[in-house]
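Geometric and topological summary
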There are 2 protein chains.
Amino acid sequence: MEKKKGSLLSFRPDIKVVDATIRDGGLVNDFRFTEDFIKDLYKSNVEAGIDYMEFGYKASKDIFDENEFGTWKFCDEDSIRNIVGDNDTDMKIAVMADVGRCDYKKDIISRSDSAIDLVRVATYINTIPAAIHMVEHCKNMGYETTINIMAISNAKESELDEALELIGQSPVDGIYLVDSYGSLYMEQIDELADKYLAMADKYDKFVGIHAHNNQQLAFANTIAALTYGVSYLDATVSGMGRGAGNCASEQLLSFLKNPKYDIIPILKFLEKHIVPLKEAGVTWGYNIPYLITGQMNRHPRSAIAATNEKRTDYLNFFLEMNDKD
Amino acid sequence: MEKKKGSLLSFRPDIKVVDATIRDGGLVNDFRFTEDFIKDLYKSNVEAGIDYMEFGYKASKDIFDENEFGTWKFCDEDSIRNIVGDNDTDMKIAVMADVGRCDYKKDIISRSDSAIDLVRVATYINTIPAAIHMVEHCKNMGYETTINIMAISNAKESELDEALELIGQSPVDGIYLVDSYGSLYMEQIDELADKYLAMADKYDKFVGIHAHNNQQLAFANTIAALTYGVSYLDATVSGMGRGAGNCASEQLLSFLKNPKYDIIPILKFLEKHIVPLKEAGVTWGYNIPYLITGQMNRHPRSAIAATNEKRTDYLNFFLEMNDKD
């Protein structure tokens, strides 16, 4: 793989920015956003030149209780239509569907009847065949699709090679490099991007990146991947997302040189919605427990618990994490 | 320049970690640290395997009023001796001396009578000849020396080439790549590291990196530079430093693979000293105003003022910064 390195003054027209605020941010507040928040986020994303906005999960109502989660855990057509109408904009609408947690045959209807353009299928490496089934259904329904392989920092290289080959032969449009635990350094992002892009070139697909900020590397890893040739870039406003959060939209837009992108609507949104949300105690972002789980390549759940308990006994936390599992 | 890329499992014996907490952190609190803080930091740095600890500035008492700053603005021999005694450890002691703000001929005495091992001379690109005079004095007094060229993101390439050549021909031991405004991306760090290392190889010197966190890239840029062959790495506990702060010691030590480094003493120090310091309202670290000045390649002073005023009118701040200068 040769690196598709642009210069810092030019821009690559293949770059697409995907706002994942509701979907990944929804993991912080159980998807309980106000309608005002979502409507303003939609408007500000359109104005900022964002290419895709992910509204949340298409979760099965047989598995998840509607009383325990807000609207965007389920992303009913009516809920999305209430925000976007006919979505007469250049921005496309995305949802995420988890393997094993989505009644896709029932809930993912024909694209011609839907507000949704892109279905992103999230899978672990051992459920790739099921993910491909879902992709085949979605492609038949007319959608753009991606497969997002989670927790790859724990996958064996040989398994990943096999998974990529299976995905390459599927009808999926793109594949995402996902750093679920925020454990990867830029060198590893480069190596993985090389692997993913080789498959993507062979089968004419694109590659995306979804980074987490456990080690304060979400933005760094995103621009490293972009520099390497990855083209779909996930970001969330203020980095809102599970645990240490994500690459922030305002960071990414301040880096990208395509004049279609505009940071001003995002700054307005931060002022109006994120500042009060944080003041109300909704919590995400880098701290020492996330650094520790990230560096140890662990699921962030223990660090989320430590953060909620406002623990500052960092040494005990470190020793606990060393002992566990 | 060929990259001196190690693997993520091995370590490079040329790597040295330089703790700059008192010096750069002193810019946050006018160098007013308790003796307990400094003694514990010294002890924890020794235990953590830190290679150099910078105690502060050697500032001229003719220029700066001793009543307006704490001890570590001046770093008298007695002050350092009070902490380190004969410094019977493997850790060396550093101070910073600014061109034009240090009575070096008077205040920098013979190394054999001093607790200090390394004098880091901070200079702008237009005062390199004065910096070299200072280095010559310090070398004659027996010290290790570095030249740290500040604000290079605003220097012309031709000026930087000329500066590096002058520095190469001087007796200095090392040269620092300094991202004063936190404006550089990893691609630019790579290009600058390439330039600095070419000079360093030609004249048998080493290269260091001092990064700032305005765009949450201090750690990323530090490990990018390290991967490229830079060997002296500045860090501060919890990233404590002017404005958005620095690469955090705990981040860097969690990355480095040399078994001499130990994160545990740093975690203890964070608990005992940094948590209460932050609770007392001493403020540093990434926020939106720093992102804006970093991305615009500006001095952080406006963002520091905005942070002190707790401003969240990000759009106004952005527009002000666009108007200024």
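Residues numbered from 1 in each chain as written. Chains lettered and ligands numbered in written order. Predicted model: local features only at pLDDT ≥ 70, side-chain atom pairs only at ≥ 80, totals over all residues. Heavy atoms only, no water.

1. Brief notes about the overall build of chain A
Defined as follows: Numbering of helices and strands runs from the N terminus, with a helix taken as a DSSP run of H or I at least four residues long and a strand as a DSSP run of E at least two residues long. Our radius of gyration looks at C-alpha atoms and nothing else; its globule reference is 2.2 Å times the residue count to the power 0.38. To sort residues, take the accessible area from a 1.4 Å probe on protein chains only and compare it with the maximum for the residue type: under 20% means buried, over 50% means exposed, and anything in between is partly exposed. To be clear on the numbers: accessible area is Shrake-Rupley with a 1.4 Å probe, and residue cover counts the displayed protein chains and nothing else.
From N to C terminus, chain A includes 13 helices and 8 strands. Compactness check: chain A gives a C-alpha radius of gyration of 19 Å against a globular reference of 20 Å for 325 residues, within 12% of the reference. Expressed along its principal axes, the backbone C-alpha trace of chain A runs to roughly 55 × 50 × 45 Å. Buried residues in chain A amount to 62% of all 325 residues. For chain A, the exposed surface amounts to about 12700 Å²; the carbon and sulfur share of it is 46%.

2. Topic: the sheet that holds strand β2 (residues 52-57) of chain B
Residues and elements named next belong to chain B. Heads up, the condition is: Should DSSP find at least two bridges between two strands, the strands are regarded as paired. Lines are fitted to the C-alpha atoms to define the axes, a helix being fitted only along its stretch in contact, and any angle between axes, read from their N-to-C directions, falls within 0 to 180 degrees.
Reading around the circumference, β1-β2-β3-β4-β5-β6-β7-β8 is the order of the 8 strands in this closed barrel, with parallel pairing throughout. The sheet shows a mean angle of 25° between the axes of neighbouring strands, taken without regard to direction. Sheet topology note: the strand β5 (residues 144-149)/strand β6 (residues 174-178) ladder contains 4 bridges and is parallel. Looking across to β6, one finds that I147 is bridged to I175.

3. Looking at the interface of chain B and chain A
Quick reminder of the rule: We call two residues in contact whenever any of their non-hydrogen atoms come within 4.5 Å of each other. When two components associate, each loses some accessible surface as probed by a 1.4 Å sphere; the sum of these losses over both components is called the buried area. Salt bridge, as applied in this entry: a Lys or Arg side-chain nitrogen positioned within 4 Å of an Asp or Glu carboxyl oxygen. Here a polar contact is taken to be a pair of N or O atoms separated by no more than 3.5 Å, where protein atoms must pair a possible hydrogen donor with a possible acceptor and residues adjacent in sequence count only if both atoms sit in side chains. Three residue categories are used. Nonpolar comprises Ala, Val, Leu, Ile, Met, Phe, Trp, Tyr, Cys and Pro, charged comprises Asp, Glu, Lys and Arg, and polar comprises the others, including Gly.
Across the boundary between the two partners, chain B contributes 39 residues, which contact 39 residues of chain A. Summed over both sides, the interface between chain B and chain A buries roughly 3400 Å², with carbon and sulfur atoms accounting for 69% of that surface. Of all residues in chain B, the largest losses of buried area upon contact with chain A belong to E187(B), Q216(B) and L315(B), amounting jointly to 17% of the total for that side. The tally of links between chain B and chain A comes to 0 salt bridges. Counting every contact that joins chain B to chain A gives 14 residue pairs in polar contact (both at pLDDT 80 or more). Mapped by element, the contributors of at least two residues to the side of chain B that touches chain A are α7 (186-203), α8 (218-228), α9 (249-255), α10 (264-279), α11 (288-295) and α13 (314-323) of chain B. It is α10(B) that provides the largest number of residues to the side of chain B that touches chain A, a total of 6 residues. Considered class by class, the residues forming the side of chain B that touches chain A number 22 nonpolar, 11 polar and 6 charged.

4. Things to note about the relation of the copies chain B and chain A
The pair of chain copies shares a relation made of a rotation about an axis and a shift along it. Operational definition: Here the copies were fitted onto each other by least squares, based on C-alpha atoms from residues at pLDDT of at least 70 in both.
Superposing chain B onto chain A requires a rotation of 180° together with a translation of 0.0 Å along the rotation axis, leaving an RMSD of 0.0 Å. The operation mapping one copy onto its partner corresponds to a two-fold rotation axis. Interface overlap between copies is the fraction of interface residues in one copy that are interface residues in the other; for chain B against chain A it reaches 100%, indicating a shared surface.

5. Observations regarding the pairing of strand β7 (residues 206-210) of chain B
All names here are of chain B. Put simply, the rule reads: Clockwise travel from the first strand over the helix to the second, with the strands pointing away from the viewer, marks a crossover as right-handed.
Taking burial as the measure, the 5 residues of β7 include 5 buried ones, the bulk of the element. The alternating pattern of β7 places F206, G208 and H210 and V207 and I209 on opposite faces, both of which are buried. Bridge count for β6 against β7 is 5 bridges, and the pairing is parallel. Its bridge partner being in β7, L177 is matched across the sheet by I209. Tracing the backbone out of β6, into α7 and back to the parallel element β7 gives a crossover that is right-handed.

6. A few points about the environment of I263(A)
All names here are of chain A. Inspection of the secondary structure assignment puts I263 in the loop between α9 (249-255) and α10 (264-279). Residue classification places I263 among the buried positions, given a relative accessible area of 11%. Sequence separation between I263 and D190 is 73 residues, and the spatial gap between their C-alpha atoms is 27 Å.

7. Overview of the environment of E187(A)
All names here are of chain A. Along the chain, E187 turns up in helix α7 (residues 186-203). The buried category is assigned to E187, whose relative accessible area is 13%. It is 9.9 Å that separates the C-alpha atoms of E187 and A225, two residues lying 38 residues apart in sequence.

8. Thoughts on the side chain of S44(B)
Residues and elements named next belong to chain B. Take S44: it is sitting in helix α2 (residues 35-48). Judged by its relative accessible area of 5%, S44 is buried. Not counting residues up to four positions away in its chain, the partners in contact with S44 are P265, I266 and F269.

9. Examining helix α5 (residues 128-140) of chain B
Residues and elements named next belong to chain B. Rules: Between the first and last residue of a helix there are one fewer steps than residues, each counted as 1.5 Å, and that sum is the expected span.
Along its 13 residues, α5 runs 18 Å from first to last C-alpha, staying within 8% of the 18 Å computed at 1.5 Å per residue. Looking at α5, one finds that the buried residues are I128, A131, I132, M134, V135, H137 and C138. Buried residues belonging to α5 abut β3 (92-98), α4 (104-107), β4 (118-123), β5 and α6 (157-169). Phi turns positive one or two residues past the end of α5, at G142, with a value near 100°.

10. Let's talk about unusual backbone geometry
All names here are of chain A. At N87, a residue that is not glycine, the phi angle is positive and equals roughly 45°. Along the chain, N87 turns up in the loop between α3 (77-84) and β3 (92-98). Judged by its relative accessible area of 12%, N87 is buried. Positioned with a positive phi, D204 is a non-glycine residue whose angle comes to about 60°. Along the chain, D204 turns up in the loop between α7 and β7 (206-210). The exposed category is assigned to D204, whose relative accessible area is 71%.

11. Focus on the nonpolar core
Test applied: Nonpolar core, defined: a set of buried Ala, Val, Leu, Ile, Met, Phe, Trp, Tyr and Cys residues in which side-chain atoms within 4.5 Å join the residues together.
With 216 residues, the main nonpolar core has F55(A), F55(B) and I149(B) as its most contacted residues. Those residues in contact with I149(B), other than ones at most four positions away along the chain, are T123(B), Y124(B), I125(B), I128(B), L160(B), L164(B), I167(B), I175(B), Y176(B), V178(B) and Y196(B).

12. Things to note about the confidence of the model for chain A
Atomic detail in the predicted coordinates should be set aside for any region of low pLDDT. Condition: Residue-level confidence of the predictor is summarised by pLDDT, bounded by 0 at the bottom and 100 at the top.
Summarising the model, chain A shows a mean pLDDT of 96, and 98% of its residues fall at 70 or more. The ipTM, which scores confidence in the relative placement of chains, is 0.96 for this predicted complex, and the corresponding pTM is 0.97.

13. Section: the packing of aromatic side chains
Threshold: Stacked, edge-to-face and tilted labels apply to pairs of Phe, Tyr and Trp rings (six-membered ring for Trp) whose centres lie within 6.5 Å, assigned for plane angles under 30 degrees, over 60, and everything in between, in that order. Whether a charge sits over a ring comes down to the Lys NZ or Arg CZ being within 6 Å of the ring centre and within 35 degrees of the ring normal.
Summed over all chains, the structure comprises 22 aromatic pairs over all chains. The interplanar angle of 55° and the centroid separation of 5.5 Å between the aromatic rings of F55(B) and W72(B) together place this pair among those described as tilted. Of this pair, F55(B) sits in strand β2 while W72(B) sits in the loop between β2 and α3 (77-84), placing them 17 residues apart in sequence. Residue W72(B) is classed as buried on the basis of its relative accessible area of 5%. Ring centres of F219(B) and F255(B) lie 6.3 Å apart, and the angle between their planes is 80°; this geometry places the pair in the edge-to-face category. With a gap of 36 residues between them, F219(B) in helix α8 and F255(B) in helix α9 connect regions that are remote in the sequence. With relative accessibility at 8%, the residue F255(B) sits in the buried group. The ring centre of F69(A) lies 4.5 Å from the NZ or CZ of K73(A), which sits over that ring.

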